Amino acid sequence: MNGQSVTPSLPTGKSLKPSMFSRGARRSALGLVMVLPSFFLLLFMIVVPIFTSIQESLKGNDGNFTWDNYKYLFTDPAMSSSIKYTIHLTVVSSIMVLVIAYLLAVFLRFSTGRLAKWIERLYYIPMFIPSVIATYGMINMYGNHGWLARIMLLFTNEPFMRIIYDYKGLLLANLWFNIPFATMLLSSALSSIPNSAIEGAKDVGAGKIQIFIRIILPLSFKSMLVAATFVVMGVIGSFTAPFLIGPNAPQVLGVAMQQQFSVYFETGIASACAVFMFAICSLVGYFYIRSMMKEER
Amino acid sequence: MTAQVQLSIQKLTKRYKTGEGVTGISLDIKQGELVTLLGPSGCGKTTVLRSVGGFLEPDSGDIQIAGKSVLHLPPEKRPTAMVFQSYNLWPHMTVYENLAFGLKIRKMRKEQIRDAVERALQLVRLPGAEQKRPTELSGGQQQRVAVARALLLEPAVLLLDEPFSALDAKLRNELREELREIQLSTKLTMMFVTHDQEEALSLSDRIIVMNRGNIEQSDSPQQIYDTPKSLFVANFIGRMNMLDGIAENGSIQIQNWELHASPDISGKVVVAVRPEDVRWKDASNPGLAATVKQVMVLGHYAEITLLTEAGIIRMFLPREEALVLSSGQSVSLTFAKHAVYPQSSV
């Protein structure tokens with residue numbers, strides 16, 4: 001305050017170091033250094049590839065600017081049916097996952113029986129099984145000559161229902177891969193609802209259904225949204241299961257994109273496909289972030 | 001005294017797997033009475049309260065409200081309302097919605113609900129808080145809303161489960177007074193559970209002291225304090241000096257001092273004396289010989305620690321009287337009032 005640039009420190013009388021080397025500046029520099037690795041990772045793994053993809057998707061075979069790749073994406077019958085197929089699969093899978101996971105979570109939260117205890121111990125096991133192995137397991141189970149088909153053969157000579165290489169198989173795979181995580185998220189949300197909140201509602205005269213609709217559902221809705229976001233993103237971007245047990249036509253977008261890129265060497269179309277998928281996910285992400293911000297106000 | 005019994009608990013028994021619980025609890029609470037269940041944690045007071053509220057199913061016994069058994073009714077059908085220890089307002093609802101929830105379930109008309117909520121908020125001194133969220137309120141305010149929510153149900157019995165124990169001391173006192181005022185103006189029957197004896201003494205018409213699942217004593221606060229019926233109550237309520245003695249032929253021998261006692265007690269006994277009932281004189285007078293160890297002035301009174309052969313005795317004196325005492329001084333003690341319990345009852 002007295003205009004001097006170097007002020008003596010009070011107890012020792014030594015002159016203090018200039019502010020460039022002060023503790024605060026050093027700490028913020030350290031913080032910056034610690035952030036840099038993740039920043040570069042983000043830059044080179046996500047941001048730069050996105051721009052390369054966008055650039056690539058807008059380039060024709062002659063290297064000039066064109067919308068052709070996107071036109072192809074939405075007009076080519078095979079491609080557009082794949083898009084519709086993917087969106088349909090995503091919506092149906094996500095709704096089923098959320099409904100099942102929510103019911104499971106509610107059961108785990110409020111049941112004190114032995115069944116609930118066992119489910120609680122076992123339900124997250126699918127998360128620890130590599131997706132390739134799980135997918136082959138599914139082929140073993142539901143395939144044309146799988147366990148289920150062989151067991152059915154004991155009762156009937158009708159040909160076994162087609163599950164693998166079909167919509168149903170993908171749906172089952174999505175349930176397998178996504179229910180445990182969604183259940184985990186929803187369980188933790190439900191267990192954070194204190195018993196006294198529910199007892200309070202009972203006390204003022206609310207029945208079971210009223211408690212569920214007016215207390216439990218609203219208090220776990222935010223986590224439901226989080227779970228929905230993760231499930232949608234996971235399903236739409238899934239590759240292993242659709243690649244191994246998905247139908248050949250129409251295909252799930254991830255597989256279609258891989259085919260365009262590695263089989264037909266259509267980098268432009270593959271890029272357009274990637275950009276489109278990213279756009280869908282950004283949309284979901286946008287709704288997610290918006291609802292989070294609204295909660296925090 | 002002719003007020004009718006509002007809540008009657010008969011031979012209530014509830015045992016948990018851990019062995020804790022209550023056995024054979026019987027008590028009556030009259031219309032408009034505020035009764036406190038007081039006891040250390042694990043004594044079963046909350047078990048009794050939650051059984052009345054319907055949140056616990058007793059093993060045996062009966063609970064009657066206004067003469068009718070409510071045992072078969074679930075909590076939502078019982079004419080009781082509960083204020084919980086944790087502020088259990090619903091965080092996703094505004095204060096208004098929190099208060100109106102129960103009334104909406106009762107299909108009350110909108111205007112009626114609005115009036116009732118406004119009146120209830122006035123009663124707990126939070127007028128105009130309707131549109132606030134519970135998270136915007138302080139702990140004390142939240143608990144006021146919780147009380148208002150319970151009052152709105154116009155319960156036959158209001159149950160309070162340590163409602164103020166999470167609040168700081170000053171706020172606790174304030175809310176106690178407010179609750180007492182509300183109780184006097186509404187004539188509500190209340191059952192209050194606490195482990196805080198000060199709270200029980202200041203608030204209640206009657207205190208029921210519980211220990212290990214049994215009722216030790218049920219009396220007015222005054223009687224509980226002045227004539228504790230058991231050693232446990234004597235120990236639990238207020239400060240108490242406990243001296244070992246031997247009773248024989250109508251007198252109790254405490255070291256070299258003899259104290260008069262009723263002749264029907266003999267053997268090893270514990271003599272209980274409140275610090276304010278200890279009197280002192282010069283060492284030349286008859287009494288229990290003691291040496292002043294420490295004089296501590298605690299505001300309007302002083303606590304004097306005395307060493308005797310029977311152990312340490314604490315004495316409360318008005319501040320001015322304590323000034324003449326200094327540590328090391330020899331004095332002689334007598335008791336203005338004391339209680340005697342057989343030692344085996346510990």
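Residues numbered from 1 in each chain as written. Chains lettered and ligands numbered in written order. Predicted model: local features only at pLDDT ≥ 70, side-chain atom pairs only at ≥ 80, totals over all residues. Heavy atoms only, no water.

**Quick notes on the domain arrangement of chain A**
All names here are of chain A.
Okay, step 1: Split into domains, chain A comes out as domain 1 (19–57) and domain 2 (77–296).
Okay, step 2: On a C-alpha basis, the centroid separation for the pair domain 1 and domain 2 is 34 Å.
Okay, step 3: For the pair domain 1 and domain 2, the summed buried area comes to about 420 Å², and 76% of that belongs to carbon and sulfur atoms.
Okay, step 4: Ranking the residues of domain 1 by area buried against domain 2 places I50, E56 and S57 at the top, with a combined share of 70%.
Okay, step 5: The tally of links between domain 1 and domain 2 comes to zero salt bridges.
Okay, step 6: Seen at the junction of domain 1 and domain 2, the total is zero residue pairs in polar contact (both at pLDDT 80 or more).
Okay, step 7: When its residues are assigned to classes, the side of domain 1 that touches domain 2 shows two nonpolar, two polar and one charged. (Domains from an automatic or database assignment. Buried area = accessible area lost by both parts, 1.4 Å probe. Salt bridge = Lys/Arg side-chain N within 4 Å of Asp/Glu carboxyl O. Polar contact = N/O pair within 3.5 Å; in protein donor to acceptor, adjacent residues only side chain to side chain. Nonpolar A, V, L, I, M, F, W, Y, C, P; charged D, E, K, R; others polar.)

**Quick look at the interface of chain B and chain A**
Okay, step 1: Contacts between the two partners involve 20 residues from chain B and, on the opposite side, 17 residues from chain A.
Okay, step 2: With both sides pooled, the region where chain B packs onto chain A buries about 1700 Å², and carbon together with sulfur makes up 61% of that total.
Okay, step 3: Ranking the residues of chain B by area buried against chain A places E76, W90 and F101 of chain B at the top, with a combined share of 30%.
Okay, step 4: Here chain B is connected to chain A by one salt bridge.
Okay, step 5: Our count for the chain B to chain A interface comes out at seven residue pairs in polar contact (both at pLDDT 80 or more).
Okay, step 6: Elements with a contribution of two residues or more to the side of chain B that touches chain A: β6 (80–83) and α2 (95–105) of chain B. (Contact = heavy atoms within 4.5 Å. Helix = DSSP H or I, 4+ residues; strand = E, 2+ residues; numbered from the N terminus.)

**Overview of the packing of aromatic side chains**
All names here are of chain A.
Okay, step 1: Per the stated rule, a full pass over the model turns up 18 aromatic pairs over all chains.
Okay, step 2: Ring geometry for F74 against F276: centres 5.3 Å apart, planes inclined by 80°, an arrangement best described as edge-to-face. Separated by 202 residues along the polypeptide, F74 in helix α2 (residues 68–75) and F276 in helix α12 (residues 267–296) bring together distant segments of the chain.
Okay, step 3: For F74, a relative accessible area of 45% puts it in the partly exposed group.
Okay, step 4: On the basis of relative accessibility, which here comes to 17%, the residue F276 falls in the buried class.
Okay, step 5: Feature note: the residues F39, F40 and F44 constitute an aromatic cluster, connected by ring pairs.
Okay, step 6: Seen from the ring of W118, R121 lies directly overhead, with NZ or CZ sitting 4.8 Å from the centre. (Phe/Tyr/Trp six-rings, centres within 6.5 Å; stacked < 30°, edge-to-face > 60°. Buried < 20%, exposed > 50% of the residue type's maximum accessible area, 1.4 Å probe, protein only. Lys NZ or Arg CZ within 6 Å of the ring centre and 35° of its normal.)

**Examining the pairing of strand β2 (residues 21–30) of chain B**
Residue and element names in this part refer to chain B.
Okay, step 1: As judged from the seven bridges shared by strand β1 (residues 5–15) and β2, these two strands associate in the antiparallel manner. Within β2, the position partnered with L7 by the bridge is I29.
Okay, step 2: Hairpin remark: β1 followed by β2, antiparallel, with five residues in the connecting loop; positive phi at G19, about 95°. (Pairing = 2+ DSSP bridges.)

**Notes on the sheet that holds β2 of chain B**
All names here are of chain B.
Okay, step 1: If you walk across this open sheet you meet the four strands as β2-β1-β4-β5, and the pairing is antiparallel. This sheet does not close on itself; its edge strands, each paired only once, are β2 and β5 (68–69).
Okay, step 2: The pairing of β1 with strand β4 (residues 60–65) spans five bridges and is classified as antiparallel. Within the sheet, the bridge partner assigned to T13 lies in β4 and is S60.
Okay, step 3: Set on the sheet, helix α1 (residues 45–53) makes contact with β1, β2 and β4; between it and β1 the angle comes to about 115°. (Axes fitted to C-alpha atoms, helices over the stretch in contact; angles between N-to-C directions.)

**Details of helix α5 (residues 131–142) of chain A**
Residues and elements named next belong to chain A.
Okay, step 1: Over its 12 residues, α5 extends 16 Å from the first C-alpha to the last, a length consistent with the 16 Å expected when each residue adds 1.5 Å.
Okay, step 2: Looking at α5, one finds that the buried residues are A134, T135 and M138. Along the long axis of α5, the arc covered by the buried residues comes to 100°, so they all point the same way. (Expected span 1.5 Å × (residues − 1). Arc of directions from axis to C-beta.)

**Focus on the pattern of salt bridges**
Okay, step 1: Evaluated as defined, the whole model comprises 18 salt bridges over all chains.
Okay, step 2: Here D166 of chain A and K168 of chain A are joined by a salt bridge, their closest N and O atoms 3.2 Å apart.
Okay, step 3: By relative accessible area, which is 35% here, K168 of chain A ends up partly exposed.
Okay, step 4: Salt-bridge contacts for E162 of chain B lead to K45 of chain B; the nearest nitrogen and oxygen are separated by 3.8 Å. Taken together, the positions of E162 of chain B in the loop between β7 (157–161) and α5 (169–186) and K45 of chain B in helix α1 put the pair 117 residues apart, joining distant regions of the chain. Grouping residues by exposure puts E162 of chain B and K45 of chain B together as buried.
Okay, step 5: Bridged by salt links that share partners, the residues R125, R144, E174, E178 and E181 of chain B form one connected network.

**Describing the UniProt feature "domain: ABC transporter" (unreviewed entry) in chain B**
Okay, step 1: Within this numbering scheme, the UniProt entry marks residues 7–237 of chain B as carrying the feature "domain: ABC transporter" (unreviewed entry).
Okay, step 2: Here residues 7–237 of chain B is 37% helix and 25% strand, with 25 Å between the C-alpha atoms at its ends. (UniProt positions renumbered as here; feature names shortened; annotations may be inferred.)

**What about the pairing of β7 of chain B?**
Residues and elements named next belong to chain B.
Okay, step 1: Along β7, five of the five residues are buried, which leaves the element largely enclosed by surrounding structure.
Okay, step 2: Burial along β7 is two-sided: the residues V157, L159 and D161 and L158 and L160 are all buried.
Okay, step 3: Of the pairings in the sheet, the one linking β7 to strand β8 (residues 190–194) comprises four bridges and is parallel in character. From the neighbouring strand, L159 faces β8, where its bridge partner is M191.
Okay, step 4: Following the backbone out of β7, through α5 and into the adjacent parallel β8, one traces a crossover that is right-handed. (Right-handed = clockwise from strand over helix to strand, strands pointing away.)

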